[in-house]
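Structural overview
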Amino acid sequence: MKGLLLKDFCISKLQKTFIILIVIMGAVFTYLWKSPSYMVSFLTFIATLFVLTTISYDEFDNGYSFLFTLPVSRKLYVTEKYVFALLLGAGIWCITTALAAVYVAVTGAAELNTDWIMSYIIYLGFVLLIVAVTVPVQLKFGGEKGRIAMIIVLGGMFLAGWVIVKGLKKIGMDVEAVLDKTSSMGIAVFLGIWFVIFCIILFISFGVSVKIMERKEF
Amino acid sequence: MLKMDRVEKGYEKFRLQCSLEVKPGFVTGLVGPNGAGKSTAFKAALGLIHTDGGKVEIFGKDSAKLTNRDKAEIGVVLADSGFSEYLSIKDISRVMSALYPGFEKTKFLKQCEQFHLPVNKRVKTFSTGMKAKLKLLLALSHKAKMLVLDEPTAGLDVAAREDLLDILREYMEEDTERAILISSHISGDLEGLCDDLYLIQDGQIVMHEETDILLDQYGVLKVDEEQFRNLDTQYILRRRKETFGYRLLTDQKQYYVENYPKMVIENANIDEVVLMMMKGEEL
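Fair warning: this is a prediction, and the values are worked out from it, not measured in the lab.

1. So, the overall build of chain B
Along the backbone of chain B there are eleven helices and 14 strands. The C-alpha extent of chain B, read off along each of the three principal axes, is 70 × 40 × 35 Å. Of all 283 residues assigned to chain B, the portion counted as buried reaches 51%. Contacts in chain B between residues at least 24 apart in sequence constitute 67% of all its contacts with a sequence separation of at least 6. Total accessible area on chain B is roughly 13,400 Å²; 44% of this is exposed by carbon and sulfur atoms.

2. Thoughts on the overall build of chain A
Each helix and strand counted, chain A has eight helices and zero strands in total. In sequence order, chain A lays out its α and β elements as α-α-α-α-α-α-α-α. Counting only contacts in chain A whose residues sit at least 6 apart along the sequence, the fraction spanning at least 24 positions is 75%. Of the roughly 11,600 Å² of accessible surface on chain A, a fraction of 75% belongs to carbon and sulfur atoms.

3. With respect to the domain arrangement of chain B
Residue and element names in this part refer to chain B. Along its sequence, chain B is organised into domain 1 (2–212) and domain 2 (218–279). Between the C-alpha centres of domain 1 and domain 2 there is a distance of 34 Å. Carbon and sulfur atoms supply 71% of the area that domain 1 and domain 2 bury against each other, a total of about 890 Å² over both sides. Linking domain 1 with domain 2 are zero salt bridges. The interface formed by domain 1 and domain 2 includes three residue pairs in polar contact (both at pLDDT 80 or more). Those elements that place two or more of their residues in the side of domain 1 that touches domain 2 are α7 (187–191), β9 (196–201) and β10 (204–210). Residues that form the side of domain 1 that touches domain 2 fall into these classes: seven nonpolar, three polar and two charged.

4. Here we look at the pattern of salt bridges
Residues and elements named next belong to chain B. For the structure shown, the criterion picks out 23 salt bridges over all chains. For aspartate 166, the salt bridge goes to arginine 169, with nearest N and O atoms at 2.8 Å. Placement of both aspartate 166 and arginine 169 in helix α6 (residues 158–174) is noted, with a separation of three residues, approximately one turn of the helix. Judged by relative accessible area, arginine 169 falls into the partly exposed class, the value being 27%.

5. Details of the confidence of the model for chain B
A low pLDDT score tells you not to read the predicted coordinates there in detail. Here chain B averages 91 in pLDDT, and 100% of its residues register 70 or above. The complex model carries a pTM of 0.86, and its ipTM stands at 0.86.

6. A closer look at the interface of chain A and chain B
Contacts between the two partners involve 29 residues from chain A, matched on the other side by 28 residues from chain B. Of the roughly 2,500 Å² buried between chain A and chain B, counting both surfaces, carbon and sulfur atoms make up 61%. Of all residues in chain A, Phe66, Pro71 and Glu217 of chain A give up the largest surface area on contact with chain B, accounting jointly for 26% of the area buried on that side. Between glutamate 217 of chain A and lysine 9 of chain B there is a salt bridge, with the nearest N and O atoms lying 2.8 Å from each other. Applying the counting rule to chain A against chain B returns 14 residue pairs in polar contact (both at pLDDT 80 or more). Where the side of chain A that touches chain B is concerned, the elements lending two or more residues are α1 (2–13), α4 (63–67), α5 (74–107) and α8 (187–215) of chain A. Of all the elements, α1 of chain A adds the most residues to the side of chain A that touches chain B, at eight residues. Class assignment for the residues of the side of chain A that touches chain B results in 14 nonpolar, six polar and nine charged.

7. Topic: unusual backbone geometry
Residue and element names in this part refer to chain A. One non-glycine residue, aspartate 61, adopts positive backbone phi at about 55°. With respect to the helices and strands, the residue aspartate 61 is situated in the loop between α3 (37–59) and α4. Exposure remark for aspartate 61: the relative accessible area of 47% places this residue in the partly exposed category.

8. A short note on the nonpolar core
Counting residues in each nonpolar core, the largest one holds 136 residues, and the members touching the most others are Tyr77 of chain A together with Leu2, Leu134 and Leu168 of chain B. The biggest single contributor to this core is helix α6 (residues 114–170) of chain A, with twelve residues. Both domains that furnish three or more residues to this core are identified here as domain 1 (2–212) and domain 2 (218–279) of chain B. Within the second largest apolar cluster, ten residues are counted, among which are Leu221, Val223, Leu231 and Met263 of chain B.

9. Some remarks on the packing of α5 of chain A against α8 of chain A
Residues and elements named next belong to chain A. Closest axis-to-axis distance for the α5/α8 pair is 9 Å, and the angle between their directions is 140°. Here α5 lies oblique to α8, going by the angle between them. Here α5 runs over α8; the crossing is right-handed. Facing α5, whose interface residues are Arg74, Lys75, Tyr77, Val78, Thr79, Tyr82 and Leu86, α8 presents Leu202, Ser205, Phe206, Ser209, Val210, Met213 and Glu214. Residue composition of the contact of α5 with α8, grouped by class: eight nonpolar, three polar and three charged.

10. Here we look at the sheet that holds strand β12 (residues 236–241) of chain B
Residue and element names in this part refer to chain B. Spatially, four strands are ordered β12-β13-β11-β14 in an open sheet, and the strand pairing comes out antiparallel. The open sheet is flanked by β12 and β14 (264–267), the only strands paired with a single partner. Within the sheet, the average angular offset between the axes of one strand and its neighbour, ignoring direction, is 25°. Two strands pair when backbone bridges link them, and strand β11 (residues 219–223) and strand β13 (residues 246–250) are joined in this way by five bridges, in the antiparallel orientation. Paired with glycine 219 across the strands is threonine 250, a residue of β13.

11. Considering a nonpolar patch on the surface
Residue and element names in this part refer to chain A. The grouping of Ile20, Ile24, Val28, Tyr31, Leu32 and Trp33 at the surface amounts to a nonpolar patch, some 680 Å² of accessible area in total. With respect to the helices and strands, tyrosine 31 occurs in helix α2 (residues 16–33). Exposure remark for tyrosine 31: the relative accessible area of 59% places this residue in the exposed category.

The rules behind the values
Residues numbered from 1 in each chain as written. Chains lettered and ligands numbered in written order. Predicted model: local features only at pLDDT ≥ 70, side-chain atom pairs only at ≥ 80, totals over all residues. Heavy atoms only, no water. Helix = DSSP H or I, 4+ residues; strand = E, 2+ residues; numbered from the N terminus. Buried < 20%, exposed > 50% of the residue type's maximum accessible area, 1.4 Å probe, protein only. Contact = heavy atoms within 4.5 Å. Areas by Shrake-Rupley, 256 points an atom, 1.4 Å probe, with all protein chains shown as cover. Domains from an automatic or database assignment. Buried area = accessible area lost by both parts, 1.4 Å probe. Salt bridge = Lys/Arg side-chain N within 4 Å of Asp/Glu carboxyl O. Polar contact = N/O pair within 3.5 Å; in protein donor to acceptor, adjacent residues only side chain to side chain. Nonpolar A, V, L, I, M, F, W, Y, C, P; charged D, E, K, R; others polar. pLDDT = per-residue confidence, 0-100. Core = buried A, V, L, I, M, F, W, Y, C linked by side-chain atoms within 4.5 Å. Axes fitted to C-alpha atoms, helices over the stretch in contact; angles between N-to-C directions. Parallel < 35°, antiparallel > 145°, perpendicular 65-115°, else oblique. Left-handed = near helix turned anticlockwise from the far one by under 90°. Pairing = 2+ DSSP bridges. Patch = residues over 30% accessible without salt bridge, like charges linked within 9 Å, V, L, I, M, F, W, Y side chains within 5 Å.

The structure is reproduced here in structure tokens:
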């Protein structure tokens, strides 16, 4: 695992100009919009997308063949991709959220309370949800086809979400009221629910990714 | 060390049906023309493709049950694949240190220096020969029990090839239990290195012989039509029509030397044997 993580960090390092540009953009937008939310959400999102970049690099030039002659099982490879995405995503989220808290405390742009932190936790949740969807798609379809598949899958997700909300409303369930009720449960319950939901989603995504890799031939 | 027992893999226009064994202390060569199934056989041995039948055993274990620790005992060179070329040797050595408990970092970096491989440049900038050297040095760098080398000397000049073959010989001398499975289209590499050879054609193993026997006992007879009519052909493996008559491959050269003293009989080298086995007709 450590070797694979090292490899992926080395590959991510190749994008350092892009990283510097994104960080500058984050700082500039925070200053212009007087809000650090863009910095936190965008940087966390970009950081987790690096996992997709590393998969492309692994696949490039028939690289998988050699990769799986190393002491690396297909399951370990998939595990490392999720760990890498979580490390990078959660790491960047922690740093940017801490910076956002400092910014808010210094400028007084918002009130530092549980609602504030909860909104940032929701960002992280959504970003991890995107990881859970995009990693198996990238593993299944690879670089070129993967991009098209990704657009279809993400578009399909939003469409499915819209249909579900509409459907629930039609059968008389008020989704907004449910969400309001969730946020008034208190931070511990709220976090608990989010944590369980994301664990289930990530677990399913991981299982699908392992199956995809185990079926592949190189 | 490695045993492939009736391993089968079918594609639309190709079918591999292969049995071979690499014994401890042996350097085993796999030869055959392009598209004969060498790389498919290697991939089947390494678990990179799913087989349709048969069994692959490595270190006495079913290959599907190999642990990552077992895999760390195998050094591999693949003809068309390697570490990401966007990494440098420095990056790769850090990754290797973390992946292989037996990785000899100092020795590896010293060998890179010896072969003039820059450690801080991306592998992408290397010449074909430099990439081939790096692949082989990596396979040799972690005290593997067995090497599986698919065309490891491709792209190397004569001097570099000889240097790397010397390293392979040293690798075998360090531990008598080690083994190598190697393919190469350069028969000179195999003649000087291999203890036994498998010839693969159209996905099938058509010959297995110890290299010494092949070089000592195999021969090529050059005969005209009349000589051929009067010849005892029981030890003739293949026949090929030539302008003068026939070129015949035998695995009992001495028999013909003794019984047909006036006949033109030449020693066979690996190229000759491979060519006759592939292009010649069975009697």
